Amino acid sequence: MATDKEKTFSYLTPSLKAKAKRLAEIRFRSLSSLIESVLAAEIHKAEDSGELPILEDKSSDTPM
């Protein structure tokens, strides 16, 4: 599938990966989509609290 999103890699413990895959299945999402939505929520929370300065960005960081 063609996408304009950047590819990234991360390391997870086998247990965390298994739980994340199961949660993604329960929510009818891909593992990648679940990770993106959790990360976007954490960034939004950090911006709201002032922990992370809000930078102007023309691309959307909110997963669909």
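Anyway, here's the lowdown on the structure attached to this text. (Residues numbered from 1 in each chain as written. Predicted model: local features only at pLDDT ≥ 70, side-chain atom pairs only at ≥ 80, totals over all residues. Heavy atoms only, no water.)

Remarks on unusual backbone geometry
Phi angles above zero are rare outside glycine, and Phe 28 is one such case at about 55°. Take Phe 28: it is sitting in the loop between helix H1 (14–26) and helix H2 (31–49). We classify Phe 28 as exposed; its relative accessible area is 79%. (Helix = DSSP H or I, 4+ residues; strand = E, 2+ residues; numbered from the N terminus. Buried < 20%, exposed > 50% of the residue type's maximum accessible area, 1.4 Å probe, protein only.)

Describing the pattern of salt bridges
The full count for this structure, using the stated rule, is 3 salt bridges. Between Glu 25 and Arg 22 there is a salt bridge whose closest N-O contact spans 3.5 Å. Taken together, the residues span about one helical turn, with Glu 25 and Arg 22 both in helix H1 at a distance of 3 residues. When its relative accessible area of 48% is taken as the criterion, Glu 25 is described as partly exposed. Between Glu 42 and Lys 45 there is a salt bridge; the shortest N-O distance is 3.3 Å. Of this pair, Glu 42 and Lys 45 both sit in helix H2, 3 residues apart, which is roughly one turn of that helix. (Salt bridge = Lys/Arg side-chain N within 4 Å of Asp/Glu carboxyl O.)

Focus: the side chain of Glu 47
By the element assignment, Glu 47 lies in helix H2. The charged side chain of Glu 47 is buried without a salt bridge, its nearest counter-charge being Lys 45 at 13 Å. Setting aside residues up to four positions removed in sequence, Glu 47 forms contacts with Leu 52, Pro 53 and Ile 54. (Lys, Arg positive; Asp, Glu negative; His and termini not counted. Contact = heavy atoms within 4.5 Å.)

Side note on the environment of Pro 53
Here Pro 53 lies in the segment after H2. For Pro 53, a relative accessible area of 56% corresponds to the exposed category.

What to know about a nonpolar patch on the surface
A cluster of nonpolar side chains, namely Leu 12, Leu 16 and Ile 35, defines an oily patch on the protein surface of about 250 Å² accessible area. Within the secondary structure layout, Leu 12 lies in the segment before H1. Here Leu 12 falls in the partly exposed class, since its relative accessible area comes to 37%. (Patch = residues over 30% accessible without salt bridge, like charges linked within 9 Å, V, L, I, M, F, W, Y side chains within 5 Å. Areas by Shrake-Rupley, 256 points an atom, 1.4 Å probe, with all protein chains shown as cover.)

Here we look at H2
Here H2 is 19 residues long and its end C-alpha atoms lie 27 Å apart, about the 27 Å a rise of 1.5 Å per residue gives. Looking only at H2, the buried set comprises Ser 33, Leu 34, Ser 37, Ala 40, Ala 46 and Glu 47. Close packing links the buried residues of H2 with H1. Just downstream of H2, Gly 50 is the residue with a positive phi angle, here 90°. (Expected span 1.5 Å × (residues − 1).)

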